Amino acid sequence: MNKFDVISTRAHRIDTPDKATGQAMFTDDLCRPGQLYGVLLQSPHPHARILSIDTSKAVNLPGVKSVITHEQAGYIKYGVSPARYDETVFAIDKVRYVGDEIAAVAAVSLDIALKALSLIKVKYELLPAVFTVEDATKKGAPQLHENSPGNLCAEVHQEFGDVAAALKTCDIIKTSTMKNKRQDGAFIEMQGCLAEFDNRGLLTLVSSTQVPHYVQRTVAMVLGMDVGKVRVKKPYVGAGFGIKAAACPMELACCILARETKKPVKMNFTREQVFMYSRARHQFTHTITTGAKKDGTLMAIKHECCLDGGAYTSFGIATVYYTGSLLGGPYKIANMSYDGKRVYNNKPACGAQRGHGAVIARALFEQQMDMIAEEIGMDPMELRIKNMMDTGDTTCNDLNMSSFGMSECIEAVRIGSNWDKKKGNMPRGKGIGMACGFFVSGAGYPIYRSDTYHGTVIIKLTEDGGTALVYTASAEIGQGSDTAFAMIAAEALGIPLDNVRLASGDTDMGVDLGAYSSRQTLMTGHAVKQAADHAKTQVLEVLAEQLLVPLEKLDIKKGFIEFAGDTPDFSALRTRYIKEHRGWIDNPDSKKLTFKEASRIAFLEKGSIVGTGKYKPHNLGGKFKGAAVGTSPAYGCSAQVAEVTVDMETGQVTIDNITDAHDCGKAINLTAVEGQMEGSVSMGIGEAMHEEVIFNDKGQVLNNDLAEYKIVTSVDMPRVKTIVVESCEPNGPYGAKEVGEGAIMPTIPAILNAVYNATGVRINELPLTPERVFFAIQDYKAKMAK
Amino acid sequence: MLLPTFEFHEPLSIKDALKLKKSLGEDAKLLAGGTDLLVHLKKKLITTNNLISLSGIKALSLITKEKNAVIIGSCTTMTQLSSTPIIQKNFPALKAGCDNLGTHLIRNRATIGGNACNASPAGDTLPALLIYDALALLETSDKKREIPMADFFTGPGKSCIQPDEILTGFRLPIPGKNSGAHYIQLGKRKSSEINLVNVAAFLKYDPDTKKIIDARIALGSVAATPIRSPKAESTLMGQTPEEACFFAAGEMARREDCHPIDDFRGSARYRQAMVGVLTKRTLTRAYELARSACI
């Protein structure tokens with residue numbers, strides 16, 4: 001068992017002092033001399049042809065510096081996946097949802113910019129609009145995109161093994177359906193950006209983004225610039241949850257306004273615009289058939305799903321694949337088929353959100369596991385463990401579980417929740433339920449096809465010898481990645497965390513694909529460790545030379561040089577160091593040679609010590625169409641138990657306790673791991689219980705604020721008992737893998753299974769509002785009375 | 001979203017405020033806590049050129065006891081009401097309403113007068129004002145009048161306040177012995193809610209005959225305004241306070257006294273069903289409190 005000095009502790013986050021004192025700078029805190037304010041003109045109609053745009057009055061308003069439409073922005077199509085680029089910065093011929101961007105204004109004040117917006121005259125020819133999957137797929141329905149007949153954005157058909165044949169051998173077959181509702185990420189910080197060109201033509205875009213790298217590429221492509229002339233920086237970011245994982249039209253408009261005006265331009269979304277832009281979790285409608293033998297052996301899954309996509313593809317093509325692929329585990333299933341489609345309609349586009357694509361499929365499937373367990377009279381945990389994959393197993397769709405603490409997670413929540421005592425012994429109205437889930441630890445491939453490294457890191461030791469500077473383009477968005485990487489660097493270098501400084505979120509620092517698909521701890525973490533090892537080796541090589549000690553006998557621990565065997569006489573080195581520091585009163589006098597001395601000597605011999613690191617996954621996945629989606633170098637696992645009280649008269653559900661065990665491979669920072677677990681649970685509870693973006697019949701969002709869009713409050717949040725399981729992932733740095741998204745997977749089905757346990761009623765639609773639960777109970781009572 | 005521009009007035013006395021209101025006319029809006037008004041202004045649901053802030057008028061945020069009544073200034077905040085012993089002791093249903101409104105931050109600013117003037121059918125303090133037989137204290141430059149809260153609301157967002165009038169406070173008669181009251185609200189989550197249904201009930205019984213001698217029930221979110229539930233109240237009179245009669249009152253309130261509508265927050269069908277449950281529960285609790293008060 002390795003002993004660690006820095007990782008595997010509860011070190012304080014390195015950004016805590018900034019955030020606790022309010023000194024942390026977010027995009028909207030930044031201000032540049034001569035800065036202009038930009039605003040977007042967005043469509044009031046869900047579907048309309050644009051006949052003309054008259055900007056003359058707006059242009060002439062004093063204080064207005066630029067008004068841009070598609071004429072300035074151009075016609076280059078962009079999006080998330082190059083295979084599905086279907087957006088332009090501004091609508092050209094028509095608008096496809098309420099909020100579709102038409103024009104933008106930059107002016108000397110926000111007030112004037114907003115006034116100018118009202119002076120832009122757009123003539124529309126209104127077109128019939130469709131808002132549901134059902135209406136959009138009807139014969140003769142209005143079509144959103146020319147090249148997508150039937151409003152079909154994407155479809156997937158996959159079969160592994162022989163599902164029909166396997167189902168014929170089953171003793172128990174369960175078919176059920178489930179529908180969730182369109183979500184909003186409800187992050188604290190609304191999207192914002194600040195763009196500026198310098199005198200040599202370098203564009204710097206500061207943005208509240210999860211993915212500086214992808215934004216850099218998209219901006220360069222759309223503005224027709226060299227990637228090297230675009231720098232994207234991310235200051236502190238108030239979360240993203242997937243919604244900020246792609247370039248947004250406001251960022252592009254902001255860059256174009258900066259180009260047109262030669263001035264810094266700042267833009268922000270209002271909360272209403274966050275809802276209008278959307279790009280959060282889709283509404284999924286699943287039908288799953290699961291077949292099992294009477295001893296509980298799972299035989300086959302037949303899965304159909306339809307995604308209510310909205311007006312554009314966004315992440316949708318990846319979402320529709322993820323939805324299918326992540327049912328391949330965590331149980332041994334030889335036969336699985338998936339038929340998925342994503343449909344366009346005149347609502348804002350949906351995209352990726354925590355647990356991308358897989359959350360609702362998991363929510364339905366884990367209920368079927370309980371149905372099967374109930375029918376054969378087996379404990380739900382036992383059924384799951386019976387079918388659980390083992391470490392090293394590969395799913396029927398070629399996902400390899402290189403570490404797999406799933407059964408350990410189940411045992412942990414069984415004990416942690418006192419399951420054996422409670423299950424089956426709760427009074428009516430109280431229930432207990434459990435579920436499992438797993439998620440990727442970084443997408444196996446970048447969003448665009450490339451052999452690029454997924455992350456590069458540079459560590460420079462300061463010339464004085466005291467400090468390691470870590471440079472990474474990764475994105476700290478509140479999850480704690482900066483702290484994790486500083487800890488990994490300190491651990492690998494063998495120095496205290498205090499001696500590490502870290503800068504991140506800047507495309508000038510290298511390539512990093514960013515904060516999505518729970519990739520950074522594993523991928524960026526690898527690159528950090530490699531860069532630190534590289535820098536450390538260079539220091540030790542100099543020492544080996546100077547002290548005539550074999551390199552392999554040298555190590556650095558806790559800021560001191562460790563010698564295997566006898567400590568050689570290093571007084572000459574110390575003297576050399578102290579001579580440089582005459583007058584200093586804190587010169588080293590320790591029995592051991594310090595890292596500071598050693599790294600200073602290394603600089604004196606070799607110049608600046610720079611370590612570099614890089615990471616990309618080995619080739620992953622099978623050869624079939626879509627095989628790449630769902631692949632990952634590692635998978636995090638989790639199991640949860642939910643305990644609920646249902647008010648049988650009102651339908652109100654109170655979540656009393658959640659017990660959550662997560663296998664994160666190795667916790668770099670225990671407190672941060674627990675934070676991600678609790679955050680996932682909170683988001684899962686929100687989606688299960690309250691959250692739903694509601695539209696009127698004109699395609700407008702009715703609850704476009706956080707008063708009416710109901711995320712979990714502290715009063716709704718139950719006690720969460722978090723249990724960290726460590727399976728030591730061979731593909732992870734120090735064995736670490738994801739925790740940020742996998743932990744949301746079991747939350748919804750655990751609650752649904754608990755509500756069933758409390759009421760005897762299966763509810764197949766979210767959220768579990770008191771009203772929905774009340775009528776489900778009433779219907780059930782009526783049925784039982786017959 | 002930006003606040004529109006307006007002139008900001010901050011009178012220091014009720015007299016000055018009334019003078020301003022008169023001179024600025026109907027367009028001028030009164031600003032108390034601002035937790036509704038500023039949102040409406042931002043969303044352009046209300047426009048005005050003149051905002052008269054009442055927060056400089058100390059007299060409006062006082063809670064004072066008279067012989068048989070308590071006067072609550074219209075600018076008293078939820079937090080202030082909830083932490084005042086005289087309210088806690090005599091008007092627990094009002095305190096419960098104050099505690100349920102919005103969030104901590106909103107409760108620190110939101111005022112009871114603002115809650116009444118906003119006249120939302122779902123307003124958290126309004127059912128309590130109805131069951132405590134509160135009087136609204138209205139004032140113009142020349143005259144004062146007192147209006148029973150039962151006559152105060154005229155529609156969603158509307159009240160009987162005249163353009164030159166200011167709501168200065170409420171007079172709440174102190175409930176006598178052998179009485180109790182309670183308030184329950186139901187929403188999708190446990191805090192920061194806009195109620196789906198909210199109900200307050202007041203009960204008084206004769207300790208000798210053990211019969212109910214006064215019953216008042218107020219229903220929120222199930223009609224154009226917060227309303228009393230007269231048919232349910234009348235079923236209770238003279239009854240022995242026990243589960244059966246509370247249930248019957250709930251059923252009567254559900255069937256006869258409420259007229260909910262469907263909106264995106266919930267269906268009329270559900271609201272109506274919940275009127276029955278919540279009425280029964282508030283009555284049960286009100287009676288428990290009445291009994292425990294006399295022990």
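Residues numbered from 1 in each chain as written. Chains lettered and ligands numbered in written order. Predicted model: local features only at pLDDT ≥ 70, side-chain atom pairs only at ≥ 80, totals over all residues. Heavy atoms only, no water.

Novice: Would you explain the packing of helix 19 (residues 670-689) of chain A against helix 20 (residues 747-759) of chain A in this entry?
Specialist: Any two packed helices are characterised by the angle at which their axes cross and by the distance between the axes. All names here are of chain A. In contact at an axis separation of 8 Å, helix 19 and helix 20 are set at 55° when each is read in the N-to-C sense. In terms of axis orientation, helix 19 runs oblique to helix 20. Crossing geometry of helix 19 relative to helix 20 is assigned as right-handed. On helix 20, the residues that touch S680, V681, G684, I685, E687, A688 and M689 of helix 19 are T747, I748 and I751. Looking at the contact of helix 19 with helix 20 residue by residue, the classes come out as 6 nonpolar, 3 polar and 1 charged. (Axes fitted to C-alpha atoms, helices over the stretch in contact; angles between N-to-C directions. Helix = DSSP H or I, 4+ residues; strand = E, 2+ residues; numbered from the N terminus. Parallel < 35°, antiparallel > 145°, perpendicular 65-115°, else oblique. Left-handed = near helix turned anticlockwise from the far one by under 90°. Contact = heavy atoms within 4.5 Å. Nonpolar A, V, L, I, M, F, W, Y, C, P; charged D, E, K, R; others polar.)

Novice: I'm lost on the domain arrangement of chain B in this one. Help?
Specialist: Frequently, the measure chosen for interface size is the accessible area that the parts lose on association. Residue and element names in this part refer to chain B. Assigned domains within chain B: domain 1 (7-53), domain 2 (60-173) and domain 3 (179-294). The C-alpha centroid of domain 3 is placed 20 Å from the C-alpha centroid of domain 2. Taken together, the contact pairs 23 residues of domain 2 with 23 residues of domain 3. Regarding the contact of domain 2 and domain 3, the summed buried area is about 1,800 Å², with carbon and sulfur atoms giving 63% of it. Counting the surface domain 2 buries against domain 3, the share from its top three residues, P121, P127 and I131, is 32%. (Domains from an automatic or database assignment. Buried area = accessible area lost by both parts, 1.4 Å probe.)

Novice: Could you clarify how one ought to interpret the pairing of strand 6 (residues 135-139) of chain B in this entry?
Specialist: A regular strand carries its side chains on alternate faces of the sheet. Residues and elements named next belong to chain B. Most of strand 6 is tucked away, with 4 of its 5 residues classed as buried. Relative to strand 7 (residues 144-148), strand 6 runs antiparallel, the two sharing 5 bridges. Pairing of L135 across the sheet is with P148, part of strand 7. Taking the residues that link successive antiparallel strands as the turn, the strand 6-strand 7 hairpin has 4 residues. Inspection of the sheet shows strand 6 paired to strand 10 (residues 166-173) by 5 bridges, in the antiparallel sense. Its bridge partner lying in strand 10, A136 is registered against F170. (Buried < 20%, exposed > 50% of the residue type's maximum accessible area, 1.4 Å probe, protein only. Pairing = 2+ DSSP bridges.)

Novice: I would appreciate a short explanation of the environment of F315(A) in the present structure.
Specialist: Residues and elements named next belong to chain A. Secondary-structure assignment places F315 in the loop between strand 14 (298-310) and helix 10 (316-325). With relative accessibility at 6%, the residue F315 sits in the buried group. With 46 residues separating them along the chain, F315 and A361 place their C-alpha atoms 17 Å apart. Once you skip the residues sitting within four places of it in the chain, F315 turns out to touch V80, G242, A245, A246, C350, G351, A352, H356 and I447.

Novice: Explain the pattern of salt bridges to me, please; I cannot follow it from the model alone.
Specialist: Any two side chains of opposite charge can pair, so long as their charged atoms come close to each other. For the coordinates displayed, the defined rule picks out 64 salt bridges over all chains. Of the charged contacts, one joins D370(A) and R384(A) as a salt bridge, the two residues approaching to 2.8 Å between their closest N and O atoms. Pair noted here: D370(A) is in helix 11 (residues 359-376) and R384(A) is in helix 12 (residues 380-387), with a separation of 14 residues, a long-range link. Note on accessibility: D370(A) and R384(A) belong to one class, buried. Salt bridges here are not isolated pairs; linked through shared partners, they connect E708(A), K710(A), E193(B), D263(B), R265(B) and R271(B). (Salt bridge = Lys/Arg side-chain N within 4 Å of Asp/Glu carboxyl O.)

Novice: Sorry, what's going on with the interface of chain B and chain A here?
Specialist: Between chain B and chain A, the contact holds 24 residues from the first and 30 residues from the second. Interface area, chain B with chain A, both sides summed: about 2,400 Å², of which 57% is carbon and sulfur. In this structure, D647(A) and R281(B) form a salt bridge, with 2.7 Å as the shortest nitrogen-oxygen distance. For the pair chain B and chain A, the number of links is 13 residue pairs in polar contact (both at pLDDT 80 or more). Of all the elements, helix 11 (residues 268-294) of chain B adds the most residues to the side of chain B that touches chain A, at 8 residues. The class makeup of the residues in the side of chain B that touches chain A is 10 nonpolar, 5 polar and 9 charged. (Polar contact = N/O pair within 3.5 Å; in protein donor to acceptor, adjacent residues only side chain to side chain.)

Novice: How should the side chain of S417(A) be read in this particular structure?
Specialist: Residue and element names in this part refer to chain A. If you trace the backbone, S417 turns up in the loop between helix 13 (406-416) and helix 14 (419-422). Owing to a relative accessible area of 2%, S417 belongs among the buried residues under this scheme. If near-sequence neighbours (up to four positions away) are discounted, S417 is found in contact with K422, V641, E643 and T659.

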